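Listed below, chain by chain, are the residues.
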Amino acid sequence: MAPDDEFVDTKNDQTAVDIEMDSSSIDPEEGNMQDRRDMTRMGKKQELKRNFRFLSIFGFTMILMQSWEAIFGLSIIGLTNGGTAGYIWMYFVSWVGFTFVNLSMAEMASMAPTTGGQYHWVSEFAPRKYQKFLSYTMGWMCVLAWQTIIASSAYIGGTQIQGLLVLNYPSSYTPHLWHGTLLAIGLATFGVVFNTILARKLPLIEAGLLYVHILGFVAILVMLWVLAPQTPAYEVFTVFNDGGGWGSVGTSALVGITAGVLPLLGADSAVHMSEELQDAAKQLPRSMIATTFLNGAMGWIMLITFCSTLGNLADVLESPTGVPFIAMFYNSTHSIGGATAMSALIICMCVAGVLTQGATASRQLWAFSRDKGMPFSSLFAYVYPRLNLPVNAIMTTLIFTILLSLIAIGSPVAFNTLTSLGTTAILSSYMCSIGCVTWRRLVDKPLLPSKFSLGKWGLFINIVSMMFLVIAFVFSFFPPSPNPTPDLMNWNIAIWGSSVVGSLIYYAIKARHQYVGPVEYVRKLD
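Keep in mind the model is a prediction, meaning the values are calculated, not measured.

Peer 1: Which residues make up the confidence of the model for the chain, and what values go with them?
Peer 2: Here the chain shows a mean pLDDT of 87. Residues at 70 or above account for 94%. Looking at the elements of the chain, mean pLDDT is at its lowest for helix 1 (residues 13-21), recorded as 43, and at its highest for helix 22 (residues 458-475), recorded as 96. Here residues 1-24 is a poorly scored stretch, pLDDT under 50, and it has 40 contacts once near neighbours within four places are set aside; other chains count.

Next comes the structure, spelled out in structure tokens:
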């Protein structure tokens, strides 16, 4: 066993030597020397092709997060609890908070650039006696988070398409719940095609979509500045709204913080593609930090513009399209064609987000199965040799999305309740992994060497991250009002709690006998 202040390679040190001596014979798609050293240290076999470079993984993360596009879809949450001022300032607080969070995760990603992400980091950094079950619980949280996130995004895209149909064919089209479900299934299937047949083109596509993401931001921004009605800046930045009836604008704004948190989630998606990225230990931190800064800034600018050009809130919320931003675009342009073009751009980016989320969700499922954390792990962990892809995990993600989408036909409330797990599950994985690194720093335990280090600021950044995450996590369980009806109640606490309890029950019955945790494949840290 290695002492606390010393790090060594994996159980088979000779492997690293052999790789070093014969590096010229290895396919560049298997990574550079640092990638191979990292994989060897973590006891992992390189099974996927490293087709991503910095620009493509940066585009991947930007498209998945798509902060400025999400502003429109989440506006009803922030405007109801907080108003324009609450929405703007809670977003800004979230942006600052996620800057600390993503700095913390970027350091861990550089230390251990693995597709497993948070559950792997917990396994390596948690106190020894808690490593196994904490890592297992976080693995389940991450798998469920990304599986529900893609289902939610696909359904949102489907309902937005319905809104466009209502705008263009108000007298001949009547929206039904099953229409939204079929459209969601279609979008998810489209994502699977890209993640299998066109997988090798995915890095190129992501780099191209990055330009669409940026140019679309400029186009929508200019259109709103030129055509939309303007609200005085004083009202936009200082008028809060307690639409939920909490009796305090401060409490109401904090309840609405979810509208600021959701557009900034997902920088860790790059981590789950790390075994398909060249020079991952260096490029992951660069991508995560750049995404947080640029997407955060674009989101805040678009949010201020949105709140300044919103017009009559009641008219927008009561629009027959059922999609507030489509009504806003129509009120701004007074043109069905103009509103359709602007809305179509946001819907196309939502579809692009489904592609990236599908890739992330399937890789997370594959990684956890590789470590024997899932039922039928060998099935989900299988990589097809001809494609070098976890096709079974990709298809399982599609099936899970279809099953969740079918629930929306009977009850959109039940569907939204289940998919809300994505937010709290991923926030809890952030808290647990950063909490483990914070503990190591507090007790002066060693950390792994990395190409990106927070240095002497590490403990401060970790603690601020934890403070923000706890606030965001707690308020993600709040209902929109203190006395909600059953259909408006936030059932997230029940879904998240039952998921944790369920994972622990399965762990106690079976998983503890087969899941050893990633740390067992490497030399112990302490």
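Peer 1: Pulling in residues and values, what's your account of the state of the cysteines?
Peer 2: One covalent bond between the sulfur atoms of two cysteine residues makes up a disulfide. Considering all chains together, one arrives at zero disulfides under this definition. Cysteine Cys142 remains unbridged, with the sulfur of Cys432 as its closest cysteine sulfur at 9.4 Å. Among the residues examined, Cys142 registers a relative accessible area of 1% and is labelled buried. Sulfur of Cys432: no disulfide; nearest cysteine sulfur belongs to Cys436 and is 4.6 Å away.

Peer 1: Describe the environment of Lys456, with residues and values.
Peer 2: Topologically, Lys456 is positioned in the loop between helix 21 (421-442) and helix 22. In this structure, the C-alpha to C-alpha distance between Lys456 and Ser75, residues 381 residues apart in sequence, is 39 Å.

Peer 1: I'd like a description of the packing of aromatic side chains, backed by residues and values.
Peer 2: In this description, a pair of aromatic rings is defined by centroid distance and the angle of the planes. Following the criterion strictly, the structure yields 33 aromatic pairs and no others. Seen in terms of ring centroids, Phe100 and Phe460 are 6.1 Å apart; in terms of plane orientation they differ by 75°. Their pairing is edge-to-face. Here Phe100 is found in helix 6 (residues 83-111), whereas its partner Phe460 is found in helix 22, with 360 residues between them in sequence. Phe460 gets classed as partly exposed once you look at its relative accessible area, which sits at 45%.

Peer 1: Requested: an account of helix 2 (residues 33-41), with residues and values cited.
Peer 2: Note: α-helices contain 3.6 residues per turn, so residues at a spacing of three or four share the same orientation. Most of helix 2 sits out of view: eight of its nine residues are buried. Restricting attention to buried positions, one finds in helix 2 the residues Met33, Gln34, Asp35, Arg36, Asp38, Met39, Thr40 and Arg41. The distance from a side-chain oxygen at the start of helix 2 to the backbone nitrogen of Gln34 is 3.1 Å, and the residue carrying that oxygen is Asn32. A positive backbone phi angle near 70° is found at Gly43, which sits one or two residues after helix 2.

Peer 1: Quick rundown of the packing of helix 19 (residues 391-410) against helix 20 (residues 412-419)? Include the residues and the values.
Peer 2: Where helix 19 contacts helix 20, the two axes come as close as 6 Å, and the packing angle between them is 145°. When helix 19 is examined against helix 20, the residues Leu404, Ser405, Ile407, Ala408 and Gly410 are found in contact with a partner set consisting of Pro412, Ala414, Phe415, Leu418 and Thr419. Counted by class, the contact of helix 19 with helix 20 contains seven nonpolar, three polar and no charged residues.

Peer 1: How would you summarise unusual backbone geometry if you had to cite specific residues and measurements?
Peer 2: Among all residues except glycine, the phi angle is most often negative; among peptide bonds, the trans geometry is most common. Within the chain, Asp279 stands out as a residue other than glycine whose phi angle is a positive 55°. Its place among the elements puts Asp279 in the loop between helix 13 (258-261) and helix 14 (280-308). In the Ramachandran plot, Lys372 falls in the positive-phi region, its phi being about 65° despite a non-glycine side chain. Take Lys372: it is sitting in the loop between helix 17 (336-370) and helix 18 (377-380).

Peer 1: Give me empty space enclosed by the protein: which residues, what numbers.
Peer 2: Summed over all chains, the structure comprises one cavity of 30 Å³ or more. In this model, the largest cavity occupies a volume close to 50 Å³. As for the largest cavity, its lining consists of Ile150, Ala188, Gly191, Val192, Asn195, Gly358, Ile394, Thr397 and Leu398. Every element with two or more residues in the lining of the largest cavity is listed here: helix 9 (177-196) and helix 19. Broken down by element, the lining of the largest cavity gets its largest block of residues, four residues, from helix 9. Residues of the lining of the largest cavity, tallied by class, amount to five nonpolar, four polar and no charged.

Peer 1: Give a detailed account of the pattern of salt bridges, specifying residues and quantitative values.
Peer 2: Under the defined criterion, the tally for this structure stands at seven salt bridges. Across the salt bridge formed by Glu124 and Arg41, the nearest N and O atoms sit 2.9 Å from each other. Pair noted here: Glu124 is in helix 7 (residues 118-125) and Arg41 is in helix 2, with a separation of 83 residues, a long-range link. The pair formed by Glu124 and Arg41 is uniform in burial state, with each residue classed as buried. Across the pair Arg370 and Glu275 runs a salt bridge, and its minimum N-O distance is 2.9 Å. In this pair, Arg370 is assigned in helix 17 and Glu275 in the loop between helix 13 and helix 14, connecting sequence segments 95 residues apart. The exposure class of Glu275 is buried, given its relative accessible area of 1%.

Peer 1: I'd like a description of helix 23 (residues 492-514), backed by residues and values.
Peer 2: For helix 23, the principal kink sits at Ala508 and spans about 65°. For helix 23, every residue scored as buried is listed here: Asn492, Ile495, Trp496, Ser499, Val500, Ser503, Tyr506, Tyr507 and Ala511. Of the surrounding secondary structure, the elements contacted by the buried residues of helix 23 are helix 8 (131-168), helix 20, helix 21 and helix 22.

Reading guide: rules and limits
- Residues numbered from 1 in each chain as written.
- Predicted model: local features only at pLDDT ≥ 70, side-chain atom pairs only at ≥ 80, totals over all residues.
- Heavy atoms only, no water.
- pLDDT = per-residue confidence, 0-100.
- Helix = DSSP H or I, 4+ residues; strand = E, 2+ residues; numbered from the N terminus.
- Contact = heavy atoms within 4.5 Å.
- Disulfide = S-S within 2.5 Å.
- Buried < 20%, exposed > 50% of the residue type's maximum accessible area, 1.4 Å probe, protein only.
- Phe/Tyr/Trp six-rings, centres within 6.5 Å; stacked < 30°, edge-to-face > 60°.
- Polar contact = N/O pair within 3.5 Å; in protein donor to acceptor, adjacent residues only side chain to side chain.
- Axes fitted to C-alpha atoms, helices over the stretch in contact; angles between N-to-C directions.
- Nonpolar A, V, L, I, M, F, W, Y, C, P; charged D, E, K, R; others polar.
- 1 Å grid on protein atoms, 1.4 Å probe; cavity = no way out; pocket = protein on both sides within 12 Å on 5 of 7 lines; lining within 4 Å.
- Points joined across faces, edges and corners; volume = space filled by probe spheres on them.
- Salt bridge = Lys/Arg side-chain N within 4 Å of Asp/Glu carboxyl O.
- Bend = angle between axes of the 7 residues up to and from the residue.

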